[in-house]
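# Descriptive analysis of the structure
Chain by chain, the residues:
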Amino acid sequence: MESINLQKLKTYRAKAAFVLLFVSVFVLGCFNIKKDKKQNEAPQKVVEDMIIVDMPNHIESIPQGMVWIPGGSFDQGAMDIDNFAMAHEKPRHMVAVDGFFMDAHEVTNAQFSQFVEETGYVTVSERQIDWEEMKKQLPQGTHKPHDSILQPGSLVFKKTKSSVPNLYDYSQWWEWKIGANWKHPYGPNSTIEGRENHPVVHIALEDAQAYCKWAGKRLPTEAEWEYAARGNNKDAQFFWGDEIGVLSKYANTWEGKFPVNNSLDDGFERTAPVMSYPKNGFGLYDMAGNVWEWTSDWFNIDYYNELANGNGVARNPAGASKAFNPNNPYLQEKVIKGGSFLCSASYCASYRISARMATSPDSGMEHLGFRTVLSLKIE
């Protein structure tokens, strides 16, 4: 079998990082699943009687930097009026989640720095690449690239000089940068000095989980994340409602011709300091744009169909039991939510609440971070 080309090899990071973010635009069809009348008419009061809605009286204070998300039920997935909805965001299905605490904003460079200082933790993008481990996630017969390429690094965004005819070829605006990591977001000569209040990026799933363990918290499930993002707008495309014309006032995204020119209508070209935009109805910031955020769920294109065909309302669903994405059969991917500063109306519009994409747990990228949650019963 032919070896993968040099461009792709440069984008494979420790343990197979060429699988990028939101850009895996899935073209698989999705049939509308019709729920029976009884399921559609599940009394919401009965559902909410079964879950934790209000913060219990014995909780004396909310953990620092977090907000209480009151439990409730909602229809997860894309709305019928959403013209940008992808097949893997459908069908809508009712979900109920217990109340929980969630970080008001994404974990920042300052917060992650404290974690590293106290633990000595080394992120995935800073470690030497293990080819024997990496090739397990590549097509059989893939040849080992030169050692000069198999160096620690991560994926960094680069503008193109002119418009690109094929927005499915994301290698046109991503490059493997040796020496790029959370401390050096654009490469070895860059720094996070003066960016302490920006979200930490180039974070692989293992890095986020290590931080959670240190902080005594965990990553949110996809259902928790989407419910929290909706705030008080359970039937809206965006956390602020359905008006797309005010996007630049509410989120850090790409406005202009992607990936050539960013008009900077929202004030930032890359990441923005956390809390730069209005909070949602639950008091959460940056639940649209800025950086993608890890969830704990496996990405499985059949999962929403399974929930929609289930009996009644799914309570605190923890995601699919295994990953399944025919577009990336060699990888076991996790769901990421929220979109990033690269999301454009001409490309993915993933600042929509229902938007969900898949990425390899071993991937760290310039627009991927996380936030944590805390249950009443610590998991």
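Look up: the structure comes first, before these words.
Everything numeric in this text was worked out from a predicted model, so none of it was measured.

Relative to the helices and strands, H105 is located in the loop between β4 (100–103) and α4 (109–119). In this view, H105 contacts Q111, V274, M275, Y285 and R371; residues no more than four positions away in its chain are not counted.

Another aspect to go through is the sheet that holds strand β10 (residues 314–315). Judged by pairing direction, the sheet is mixed, and its 3 strands sit side by side in the order β2-β3-β10 without closing on themselves. Edge positions in the open sheet fall to β2 (72–76) and β10, since each of these has one partner strand only. Across 2 bridges, strand β3 (residues 93–97) lies against β10 in parallel orientation. Bridging from a neighbouring strand, A96 pairs with R315 of β10. Those strands touched by helix α7 (residues 222–230) are β2 and β3, and its axis lies near 100° from that of β2.

Looking now at helix α6 (residues 205–215). Residues of α6 that are buried: L205, D207, A208, Y211 and C212. Down the axis of α6, the buried side of the element spans an arc of 165°, and every buried residue falls inside it. On its buried side, α6 packs onto α4, β9 (292–298) and β11 (334–337). Of the residues trailing α6, G216 is marked for its positive phi of about 70°.

Okay, unusual backbone geometry next. Here the bond from K90 into P91 is cis, since omega is -5°, no more than 30 degrees from zero. By the secondary structure assignment, P91 is in the loop between β2 and β3. At L264, a residue that is not glycine, the phi angle is positive and equals roughly 65°. As for its position among the elements, L264 is in the loop between β8 (261–262) and β9. On the accessibility criterion, L264 (40% relative accessible area) is partly exposed. With a phi close to 70°, N290 is a non-glycine residue in the positive phi region. Here N290 lies in the loop between β8 and β9.

Rules and cut-offs
- Residues numbered from 1 in each chain as written.
- Predicted model: local features only at pLDDT ≥ 70, side-chain atom pairs only at ≥ 80, totals over all residues.
- Heavy atoms only, no water.
- Helix = DSSP H or I, 4+ residues; strand = E, 2+ residues; numbered from the N terminus.
- Contact = heavy atoms within 4.5 Å.
- Pairing = 2+ DSSP bridges.
- Axes fitted to C-alpha atoms, helices over the stretch in contact; angles between N-to-C directions.
- Buried < 20%, exposed > 50% of the residue type's maximum accessible area, 1.4 Å probe, protein only.
- Arc of directions from axis to C-beta.

Shape is all these values report; function is a separate question.
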